[in-house]
Amino acid sequence: MERRKFLAGAGAVTVGAVAATAPGAAGHAAPGIRHVETGLDVLVRSDFADLAGQRVGVISNPTGVDSDYRHLVDLMHASGSVRLAAAFGPEHGFRGSAQAGGSEGTGVDARTGITVYDAYGASLAKWESMFTQAGVDTVVFDIQDVGARFYTYIWTMYTSMMAAARVGKRYVVLDRPNPVGGRAYGPMMTAGYTSGVGLKEIVQQHGMTVGELARFFNAEFLPAAAGRKVDLHVVECRHWKRDKLAADTDLPWVLPSPNMPTTDTALVYPGTGLFEGVASLTEGRGTCKPFELIGGLADDFDYHWSDRLNARELPGVEFREAYFTPTSAGQKPALLNKLCAGVEVKVVDRATYDPIRTAVAMLVEAHKYEAFAWRRDSWDAVRPYWIDKLTGSPRLRTMIDAGADVDDVVGAWADELADFNRRREPHLLYR
């Protein structure tokens, strides 16, 4: 196969015969680290055989790379085996440059010349229109998820799956490991509190890969929501097991979003992401450790928070008294560029760490400060508390307001978590 070079702002990418450049072929995982192949790696090794001759639309962002950091869209464009029709960018955009709640707009990709559609927050009707306008036969989804219900990429997948089912398009998921492992934790979303950070009834830390979630969505939700299942195919990972975290593999880490810089961020996010629902506390946006640094104005919060949390001896985690100045505040402008006092979450044993239980303890202790306040959104008079949308119901908020301690709050979702584990079991691909 002819070798082709494409120039971009960051430098040159050379793509040769795919079979001769199988991802990871030149190296081996370090001792104790598992060599894992993503669905993209598997597809590339087959020279895109599963997509040959089809007009393909790709839903992806900067995380859609193989083990050599080559992007899916560039590889398809160079392969000669795929008719690349379009790309679709989720929250933060196809290139990942937009902040939370933002996108990059629709435009033309400089490297490939294809149209990149702005798909963030797209309705079912808009997805159908985009697929029709682009003339795609097959939709390919390849985005690194981080395992939390309120991380929006899985809902981009869900809505686009519904649209593909309705307009008769094939849907292919290139699977990637869940960086925080395969165990499920936390409360269930309830129908009255669905939103863009949780469209359907799954638990807060779902413990599934995007491929497994796609199978679950297709069986549990699409027949009612779309009138039929989608023609779904999952290209599975190789050599990944459910008990493996991102740190246990040699896969490259590309920021899935601007405030998800490391696998350590992903590990705490299913819990500390809840602090987006607290008006008086920043989740560390605009620092070097978003979601690991949590704090409020230094006049309102102090060292007692870390002391009380450490006294609880929560499994797998310790807390450092921390002071920092967030340079991005999201929905909390009162904290922007202000000295904040709080804690740094230090995971010391990944095997025993429970991010959601830890976050509940943090909320219970933070609630003791007079300045503590839940975030209220004026645009939703019926469901004004953002924490309710993040947790799936008012239960966590009302229990903490009433003085419940950690065991009571966590125990309240035991039955629904057990039911979710039962329902998801038939759709799991990895053991």
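Residues numbered from 1 in each chain as written. Predicted model: local features only at pLDDT ≥ 70, side-chain atom pairs only at ≥ 80, totals over all residues. Heavy atoms only, no water.

Per the secondary structure count, the protein includes 13 helices and 14 strands. Here the C-alpha atoms of the protein give a radius of gyration of 22 Å, agreeing with the 22 Å that 2.2 N^0.38 yields for 431 residues. The proportion of buried residues among the 431 residues of the protein is 57%. By sequence separation, contacts in the protein at least 24 residues apart represent 73% of the contacts at least 6 residues apart. Per element, the accessible surface of the protein, about 16,700 Å² overall, is 49% carbon and sulfur. Here the protein contributes 46 positively and 52 negatively charged side chains, and the mean placements of these two sets differ by 5 Å. (Helix = DSSP H or I, 4+ residues; strand = E, 2+ residues; numbered from the N terminus. Rg over C-alpha atoms; globule rule 2.2 N^0.38 Å. Buried < 20%, exposed > 50% of the residue type's maximum accessible area, 1.4 Å probe, protein only. Contact = heavy atoms within 4.5 Å. Areas by Shrake-Rupley, 256 points an atom, 1.4 Å probe, with all protein chains shown as cover. Lys, Arg positive; Asp, Glu negative; His and termini not counted. Charge placed at Lys NZ, Arg CZ, Asp CG, Glu CD.)

Taken together, the side chains of Tyr303, Tyr323 and Leu339 make up a nonpolar region of the molecular surface, amounting to roughly 320 Å² of accessible area. Here Tyr323 shows up in strand S13 (residues 317-324). (Patch = residues over 30% accessible without salt bridge, like charges linked within 9 Å, V, L, I, M, F, W, Y side chains within 5 Å. Salt bridge = Lys/Arg side-chain N within 4 Å of Asp/Glu carboxyl O.)

To continue, consider the pattern of salt bridges. Applying the stated criterion to the full structure yields 29 salt bridges. Here Arg350 and Asp264 are joined by a salt bridge, their closest N and O atoms 3.4 Å apart. A residue pair is termed long-range when its members are at least 10 positions apart, and Arg350 in the loop between strand S14 (340-347) and helix H9 (355-366) and Asp264 in helix H7 (residues 263-272) qualify at 86 residues. A salt bridge links Arg312 to Asp405; the nearest nitrogen and oxygen atoms lie 2.8 Å apart. Here Arg312 is found in the loop between helix H8 (304-311) and S13, whereas its partner Asp405 is found in the loop between helix H11 (395-401) and helix H12 (406-411), with 93 residues between them in sequence. Each member of the salt-bridge network shares a partner with another, and the members are Arg308, Arg312, Glu365, Lys368 and Asp405.

This part covers the domain arrangement of the protein. Parsing the protein into structural domains produces domain 1 (39-254) and domain 2 (263-392). The C-alpha-based centres of domain 1 and domain 2 are spaced at 29 Å. Across the boundary between the two partners, domain 1 contributes 26 residues, which contact 21 residues of domain 2. Joining domain 1 to domain 2, the criterion identifies zero salt bridges. (Domains from an automatic or database assignment.)

Next up on the list: helix H13 (residues 414-424). For H13, every residue scored as buried is listed here: Leu417, Phe420, Arg423 and Arg424. Down the axis of H13, the smallest arc covering the buried residues is 125°, so these residues share one side. Away from its buried face, by an angle of more than 90 degrees, H13 presents the exposed residues Asp415 and Arg422. Buried residues along H13 sit against strand S9 (185-188), strand S10 (203-205) and helix H5 (210-220). (Arc of directions from axis to C-beta.)

This paragraph deals with helix H2 (residues 72-79). Along H2, seven of the eight residues are buried, which leaves the element largely enclosed by surrounding structure. Just beyond H2, the residue with positive phi is Gly80, at close to 80°.

This brings us to the environment of Arg397. Inspection of the secondary structure assignment puts Arg397 in helix H11. C-alpha of Arg397 to C-alpha of Arg83: the two residues are 314 residues apart in sequence and 50 Å apart in space. In this structure, Arg397 is in contact with Trp374, Tyr385, Ile387 and Asp388, ignoring residues within four places of it in sequence.

Turning next to the sheet that holds strand S12 (residues 293-297). A sheet is described by the order of its strands in space; here three strands give the open sequence S12-S14-S13, paired in antiparallel fashion. Two strands close off the open sheet at either side, each with one partner strand: S12 and S13. With strand direction ignored, the average angle separating the axes of adjacent strands in the sheet is 20°. Relative to S14, S12 is paired through five bridges, and the arrangement is antiparallel. In the sheet register, Gly295 faces S14, and the bridge partner there is Gly342. Set on the sheet, H8 makes contact with S12, S13 and S14; between it and S13 the angle comes to about 175°. (Pairing = 2+ DSSP bridges. Axes fitted to C-alpha atoms, helices over the stretch in contact; angles between N-to-C directions.)

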